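Spelled out, the chains give:
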Amino acid sequence: MFSVTSNIARKSNSLRKMLSSQQQYRFMSTSVKGAEHRGTSDQKPKTQVKGISPHNEKDESNLTNFNIIESTLREGEQFANAFFTTEQKKEIAKMSDEMGIEYIEITSPASSPQSFQDCYEVAKLGLKKTKVLTHVRCHMDDAKKAIEAGVDGIDVVFGTSSYLREFSHGKDIPYIIEQAQKVVTYIKEQGKEVRFSSEDSFRSDLVDLLQIYREVDKIGVNRVGIADTVGVANPRQVYKLVKTVRSIVSCDIEFHGHNDTGCAIANSFTALEAGCTHIDTSVLGIGERNGITPLGGLIARMYAVDPEHVKTKYNLLMLRELEDYVAEIVNVQVPFNNYITGFSAFSHKAGIHAKAILNNPSTYEILNPADFGMVRYVHIAHRLTGWNSIKYRAEQLGLDLTDSQIKDVTQKVKELSDVKQCTLDDIDGLLRQTYHQIHGHGSYKH
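Residues numbered from 1 in each chain as written. Predicted model: local features only at pLDDT ≥ 70, side-chain atom pairs only at ≥ 80, totals over all residues. Heavy atoms only, no water.

**Quick word on the side chain of E105**
This is how it is decided: Here a strand is any run of E in DSSP of at least two residues, a helix any run of H or I of at least four, and the numbering for each starts at the N terminus. A 1.4 Å probe rolled over the protein chains alone gives each residue an accessible area, and that area as a share of the maximum for its type sets the label: buried under 20%, exposed over 50%, partly exposed in between. Nitrogen and oxygen atoms within 3.5 Å of one another constitute a polar contact, given that in protein one can donate a hydrogen and the other can accept it, and given that sequence-neighbouring residues count only through two side-chain atoms. By the convention used here, residues are in contact when the closest approach between their heavy atoms is within 4.5 Å.
Its place among the elements puts E105 in strand β2 (residues 103-106). Residue classification places E105 among the buried positions, given a relative accessible area of 0%. At a separation of 3.1 Å, a polar atom in the side chain of E105 contacts the side chain of R74. A polar contact is formed between the side chain of E105 and the side chain of H135, at a distance of 3.4 Å. Setting aside chain neighbours within four positions, we find E105 in contact with I69, E70, S71, L73, R74, L133, T134, H135, D155 and R195.

This is the structure we're talking about:
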């Protein structure tokens, strides 16, 4: 142990010297010199979209070369209302596979006898595209249990911040490195994919993190994980840390971001900009406390960058079905303003907006609702409505009215909306009444 500790101490001093220069910290080279990229992604991290990096470094963004690790069956099981039966877990796994998600992550089989059985049942489903991972402590007993469960890969984790080292497991950095080397080596010997992640990465000492990541990278880990465990990081901090880690490891990089301060999606996107390859999500963002990056939110963000790529990569029509299924199980409503599937996501109300939308939906929509099986709705029964919206509704009803007549009806709609909350039936009634009066059919009642 003395020799291991001494060796690590020497490496620590070397790393601190390397990081003493702010210039080096910000503008490190993008990979270990002479090392080939190793991991599970199909390509090396490289520039995919020009002009998006917020810094002057070489752009290594993975905005069209990323993988989703869907953690509803692990992180999501930590949500306050969550209780998934074995059959429900299997159904979520199959739906994720149908959507084309690259990975799902399931609760550690060491957690309980039923957790082991659930993990085993999901692992043997024979999913077509989706690999099954489990998330365990960096401990040999947990790793062996995961191997026994038959998963495709194992995500091991060890708390690295001073908070967790003092108040949780009480281990020092040399112990963490030694344990990580043993467990990662064992998992690789079993022919399984393996990720090593620090926990509470953004409150961990940078040199400590880099020491650990370098050591597991040397022995062939598939991914290292960066975890914003308490949601404290902002996008700039995420970019800097991922960029720094990218410069010293040749493996893939995974990011796990909690949403306590509302930055989970932005942080995940920024991680990809900096060279991250895998992003953890959960359906509706459910998880411990305020949860993590929501699957739908990440899909929306990535669609905005390259719609055709995302449509090819994932079966987007499955998103709403998956969200509705999980929402029902955990007894929550899909939020009204939920990304893509919220009831107001493609609803337009203001008169100026409505006119533009009717002429060209791209004026006020970055997402095409049809790609997700959703429907656009132009809301016209209110005081903010414009005559173009009323005209569009008249045309839908087959009522031939001039622009002047439409404008008269619009004024009546505004006056009525000032005294009551109108419905579409109210608008239709005013339109039909005007039409019948003009075309000599007498009064119209609705």
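**Quick look at the packing of aromatic side chains**
Just so we agree on the cut-off: Geometry of aromatic contacts follows a simple scheme: Phe, Tyr and Trp rings, the Trp one being its six-membered ring, pair when their centres are within 6.5 Å, and the pair is stacked under 30 degrees between planes, edge-to-face over 60, tilted otherwise. Whether a charge sits over a ring depends on NZ of Lys or CZ of Arg being within 6 Å of the ring centre and within 35 degrees of the ring normal.
Under the counting rule described, the total for this entry stands at 5 aromatic pairs. Considering the side-chain rings of F66 and Y314, the 6.4 Å spacing of their centres and the 45 degrees angle between planes classify their relative orientation as tilted. Taken together, the residues F66 in the loop between α2 (22-26) and β1 (67-70) and Y314 in the loop between α12 (307-313) and α13 (318-329) connect sequence positions 248 residues apart. The same class applies to F66 as to Y314, namely buried. Measuring from ring centre to ring centre gives 6.3 Å for F158 and Y175, while their planes differ by 80 degrees; the resulting arrangement is edge-to-face. Highlighted residues: F158 in strand β4 (residues 153-159) and Y175 in helix α7 (residues 173-189), separated in sequence by 17 residues. A residue is classified by how much of its surface remains accessible, and Y175, at 28% relative accessible area, is partly exposed. For R223, the ring lying beneath its charged end belongs to Y103, and the centroid distance is 5.4 Å.

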